[in-house]
Amino acid sequence: MTVPADLRDEIIAVINNTCPFPVESPDCDLIDTGVLDSTTLIEVVLALEERFGHALPIEEIDIEDLRTAGAIAALIRRSSESARHAA
Amino acid sequence: MPICLEESRPDLETAIRAYNGRIDAAGISKNMRLPEPRTFEFLPNTAGHKLYEDYYLATEDGAVRGGYLMTSQEALVAGESLTVAETPEISSEAVLDRKYNLLVIRLIRHALARRELQLQLGVGPDLTRIFEALKWRTLTIPLYLRVGNGFEFARQVRPLRKARIGALAMDTLAYSGAAWAGARAVNALLGISAPRRAVEAEEIDRFGGWADDLWDELKGDYSLIATRDQDVLNVLYPARDGQFTRLKVTRGGRPVGWAVVSHAVMPDNQFTGNMRVGIIRDCLARPQHAAGVIWKATETLMRKGVDVLVSNQSHPIWRAALRRSGFVRGPSNLVVAMSPELNGKLAAADPRFERLHITRDGRRR
């Protein structure tokens, strides 16, 4: 799935508003570099829900969906489409 | 295999024990262990009960991956009698495997779907951040301390100075300890004196109808208070539970209040070392007798030989009563988190959250 660059930038902005370590690249590994620890990862997910205005499918999210800003953008795009179809 | 959230069942006992085994093996805090039904005394959810527990588990292909115990109790919220729930120990296997990282959100939302009015007392730093991200209101309940045994306190103070409680608090504690030892000048400086309205206290096994009368008379003084009639008190602080001392406080033979205290040594505690710690856990009194109740609770704990006394109190009347008995404010780690629905009701009735009656009460804290 192609993800628009501006969506990736928005994700990076949400991450940078939540985490103490700045992220610049959409390909930065947020998990292995320790940018997202267990608590900040939850905070980022909740901040994304607030920013994009719909609940994320928490029960379906895999850790790989949160590994990079690019992967998160793809997750947001999928969940936004699901939310639109459900509405 | 998807994770299901379901009510605990007897056949999950082995899976719960396996979960606890993994927590223990990883050296994680015992607070993260889940209750094991065979050895845990649940408060049954039976019609008419004002205090009961429900137990939910997250299961995956027969394995337990987390869960929570939800205690529901009747409370007076902004003048309305409502059921408020607490899930003090939400546990998930995220502490062992990051693939379960988001399970805690599911558990919190699952609990919230069952009971929208929630108050979590004693929330740790990580959960505090999560609750704040979920738009819960968090407050720190003030802690008050007082030295009982100056010698033991002095003996333990050196290691404690290195601990998180902080040297400044130690200095103020030492000061209050000197006051209790009887230095008149210090007493005068701190304004410590026996309450003008002399009261008597007796240790009791059970709360009686007089506790109902006090509850009916006083509950309206608070914007939030858990029901404290005799039914609830005798469940929370049963006579068979030796950790509690129940005090009935009277003046001229007439009940004016009560307190529940406990004392214990918590070995190598990061805050109190190996001192014998006395806790004023719960209390209710006519406002003019709050100082008398705290005074009697303090005397009782001193007679039992505690080295240091502590009490968490949110309401200004009780905080003033503690100060009158020589307590000083210390660094509190008792955080309370309120769900958005509870926060909304309270904010309308008590915008500055000044009339909450929250203490370190209950059976398991």
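Residues numbered from 1 in each chain as written. Chains lettered and ligands numbered in written order. Predicted model: local features only at pLDDT ≥ 70, side-chain atom pairs only at ≥ 80, totals over all residues. Heavy atoms only, no water.

Student: Looking at this model, I keep getting lost on the overall build of chain A. Mind explaining?
Tutor: Scanning chain A from terminus to terminus reveals three helices and zero strands. If you list the helices and strands of chain A from N to C, you get α-α-α. The principal-axis extents of the C-alpha atoms in chain A amount to approximately 35 × 25 × 20 Å. For chain A, with 87 residues in total, the buried portion stands at 47%. (Helix = DSSP H or I, 4+ residues; strand = E, 2+ residues; numbered from the N terminus. Buried < 20%, exposed > 50% of the residue type's maximum accessible area, 1.4 Å probe, protein only.)

Student: How should the interface of chain B and chain A be read in this particular structure?
Tutor: Where the parts come together, the accessible area they lose is often given as the size of the interface. Each side of the interface is counted separately: chain B has 13 residues, and chain A has 18 residues. Together, B:Arg98, B:Leu102 and B:Arg129 form the three largest contributors to the area buried by chain B at its contact with chain A, with a combined 38%. Of the charged contacts, one joins B:Arg109 and A:Glu49 as a salt bridge, the two residues approaching to 2.5 Å between their closest N and O atoms. Breaking the side of chain B that touches chain A down by element, the ones donating at least two residues are helix 2 (103-114) and helix 3 (125-133) of chain B. Classifying every residue of the side of chain B that touches chain A by side-chain character gives six nonpolar, one polar and six charged. (Contact = heavy atoms within 4.5 Å. Buried area = accessible area lost by both parts, 1.4 Å probe. Salt bridge = Lys/Arg side-chain N within 4 Å of Asp/Glu carboxyl O. Nonpolar A, V, L, I, M, F, W, Y, C, P; charged D, E, K, R; others polar.)

Student: Explanation requested: the environment of B:Glu53 in the structure shown.
Tutor: Note that B:Glu53 resides in strand 2 (residues 51-60). A C-alpha to C-alpha distance of 22 Å links B:Glu53 and B:Gly242, two positions 189 residues apart in sequence.

Student: How do you make sense of helix 1 (residues 5-18) of chain A when you look at a structure like this?
Tutor: Working note: α-helix, 3.6 residues per turn, so residues spaced by three or four point in the same direction. Between its first and last C-alpha, helix 1 of chain A extends 20 Å over 14 residues, near the 20 Å set by a 1.5 Å rise per residue. On the buried face of helix 1 of chain A, the contacting elements are helix 2 (38-52) and helix 3 (69-86) of chain A. (Expected span 1.5 Å × (residues − 1).)

Student: Explanation requested: the packing of aromatic side chains in the structure shown.
Tutor: What characterises a pair of aromatic rings is the spacing of the ring centres plus the angle enclosed by the ring planes. Under the definition given, this model contains seven aromatic pairs over all chains. On the basis of an interplanar angle of 40° and a centroid distance of 4.3 Å, the ring pair of B:Phe131 and B:Trp136 is categorised as tilted. Measuring from ring centre to ring centre gives 5.5 Å for B:Phe207 and B:Trp258, while their planes differ by 75°; the resulting arrangement is edge-to-face. Here B:Phe207, found in the loop between strand 9 (200-204) and helix 7 (209-218), pairs with B:Trp258, found in strand 12 (residues 254-265); they are 51 residues apart in sequence, far enough to count as distant. Exposure remark for B:Phe207: the relative accessible area of 2% places this residue in the buried category. On the basis of relative accessible area, B:Trp258 is assigned to the buried category, the value being 0%. Taken together, the ring pairs connect B:Phe40, B:Phe42 and B:Tyr55 into an aromatic cluster. Positioned above the aromatic ring of A:Phe52, the side-chain terminus of A:Arg51 is 4.9 Å from the ring centre. (Phe/Tyr/Trp six-rings, centres within 6.5 Å; stacked < 30°, edge-to-face > 60°. Lys NZ or Arg CZ within 6 Å of the ring centre and 35° of its normal.)

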